[in-house]
Amino acid sequence: MLRRVLVAGALVASALVALAAPAGATAVGSASAAASCYKRVGNHWNCITPGAYCPATAHGKYGYAKVTSKRYRCSYYTSDRRWHWKRA
């Protein structure tokens, strides 16, 4: 009985992953493509995602959004005590 539940859960999970992945891309391939865009160039960062968490090396620095190319700053939010990219 437990085996049937585990197998059914695995099938549902794999179906959800297949629906969420873009056509022709694997989950690993799309994650590595997004990660390769996010990089430090001198004193600023390229291809950041607005509102996302900042790495420790980006605290107080500026970055440019990957879609709109607008300028953001890595700012500290007291509400959740974390650093996020905020519109500058």
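Residues numbered from 1 in each chain as written. Predicted model: local features only at pLDDT ≥ 70, side-chain atom pairs only at ≥ 80, totals over all residues. Heavy atoms only, no water.

Named according to an unreviewed UniProt entry, the protein chain is DUF3761 domain-containing protein originating from Microbispora maris.

Comments concerning the confidence of the model for the protein chain
Note the following rule: Per residue, pLDDT measures the predictor's confidence, with a range of 0 to 100. Contact definition: two residues touch when any of their heavy atoms are within 4.5 Å.
Looking at the protein chain, pLDDT values average 75 and 59% of them are 70 or higher. Of the regions scoring below 50 in pLDDT, residues 17-35 engages in 0 contacts with residues more than four places distant in sequence or in other chains.

A look at the pairing of strand β4 (residues 71-77)
Two faces make up the sheet, and in a regular strand the side chains alternate between them. Our working rule: Pairing between two strands is assigned when DSSP locates at least 2 bridges connecting them. Strands here are runs of E lasting at least two residues and helices are runs of H or I lasting at least four, both read from the DSSP assignment and numbered beginning at the N terminus.
Relative to β4, strand β3 (residues 62-65) is paired through 3 bridges, and the arrangement is antiparallel. Considered in β4, the bridge of glycine 63 is made with tyrosine 72. Hairpin connection between β3 and β4: a loop of 5 residues separates the two successive antiparallel strands, and serine 69 in this loop has a positive phi of roughly 60°. Two elements, β4 and strand β5 (residues 82-87), share 6 bridges in a ladder whose sense is antiparallel. Bridging across to β5, tyrosine 76 finds its partner in tryptophan 83. The turn linking β4 back onto β5 is made up of 4 residues, and arginine 81 within it adopts a positive phi angle of 55°.

Some words on the sheet that holds β3
Stated precisely, the cut-off is as follows: Here an angle of 0 to 180 degrees is reported between the N-to-C directions of two axes, which are lines fitted to C-alpha atoms, with helices fitted over the stretch in contact.
Across the sheet, which stays open at both edges, the 5 strands sit in the order β1-β2-β3-β4-β5 with mixed pairing between neighbours. Every interior strand has two partners, whereas the edge strands, β1 (39-41) and β5, have only one. Between one strand and the next, the sheet's axes are offset by a mean angle of 40°, whatever the strand orientation.

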